[in-house]
Amino acid sequence: GSLGYIELLYALANPKSISFGSVRNKAGKDVLASIESVEAAAEAGLPAIAEDLTFNINDQPGDKAYPICGGVWAIMYVKQPTGRGKALYDFFHWATNDGQSFAKGKYYASLPEGLRKKADDKLKKLLQP
C-alpha cells in the first residue's frame, strides 16, 4: 500500500517482483515507463538543450513522452594532464556513439542524435592543447 520511485532499469529487469503503473503526462495521456517513452521525452526536450548541455526532460510534450525521467551526467575539466584528455575523449566519444548500442540491453534509453552531436562538439575540447 505505498508509492515509490525507482530507476527504470530495476523495474524492467525485475518484472515479476516489481509492479509499476502508468503516469499521466503533459499531453494528458497515461504512459507506462519504458525505454521508448523515455526516448520520446528526450526527443521532445532536445530543442531546449543549452550550449553547456544542461537539460531537463521531465514533463515534456507529446503523447508518448514519459513525464518523470532524467539523464546521466559526466562533468570534467577541459584542460587535463598530458594524455588524459585523449583517454577521456576516447571513452566518452565511444560511450555517446558506438556504446549507445548497449544502452537498451542495460535498460537505458539511447541519447537523441542531436544530443550526441552536441556532446561530440564539447568532447573535442579535450583534444585541444
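Rules used throughout
- Residues numbered from 1 in each chain as written.
- Predicted model: local features only at pLDDT ≥ 70, side-chain atom pairs only at ≥ 80, totals over all residues.
- Heavy atoms only, no water.
- Phe/Tyr/Trp six-rings, centres within 6.5 Å; stacked < 30°, edge-to-face > 60°.
- Helix = DSSP H or I, 4+ residues; strand = E, 2+ residues; numbered from the N terminus.
- Buried < 20%, exposed > 50% of the residue type's maximum accessible area, 1.4 Å probe, protein only.
- Polar contact = N/O pair within 3.5 Å; in protein donor to acceptor, adjacent residues only side chain to side chain.
- Core = buried A, V, L, I, M, F, W, Y, C linked by side-chain atoms within 4.5 Å.

> Residue-level account of the packing of aromatic side chains, with values.
Applying the stated criterion to the full structure yields 4 aromatic pairs. Summarising the aromatic geometry, the rings of Phe-91 and Trp-94 are spaced 6.2 Å apart at their centres and angled 35° between planes, so their arrangement reads as tilted. Remark: Trp-94 and Phe-91 occur in helix α3 (residues 84-96); sequence separation between them is 3 residues, near one turn of the helix. What makes Phe-91 partly exposed here is its relative accessible area of 45%. On the accessibility criterion, Trp-94 (40% relative accessible area) is partly exposed. Among the aromatic residues, those joined into a cluster by ring pairs are Phe-91, Phe-92, Trp-94 and Phe-102.

> Could you give an account of the side chain of Arg-116, with specific residues and numbers?
Following the sequence through the fold, Arg-116 ends up in helix α4 (residues 113-123). The class of Arg-116 is buried, set by a relative accessible area of 17%. Separated by 3.0 Å, the side chain of Arg-116 and the backbone oxygen of Leu-111 make a polar contact. At 2.4 Å, the side chain of Arg-116 and the side chain of Glu-113 are in polar contact.

> Quick rundown of the nonpolar core? Include the residues and the values.
In this structure, Leu-8, Val-31, Ala-33, Ile-35, Val-38, Ala-41, Ala-42, Ile-57, Ala-65, Tyr-66 and Cys-69 together form the largest nonpolar core, which totals 11 residues. Of the residues forming this core, the biggest block, 4 residues, is contributed by helix α2 (residues 35-45). Grouped together as the second largest cluster of nonpolar side chains are 5 residues, Leu-46, Ile-49, Leu-53 and Leu-115 included.

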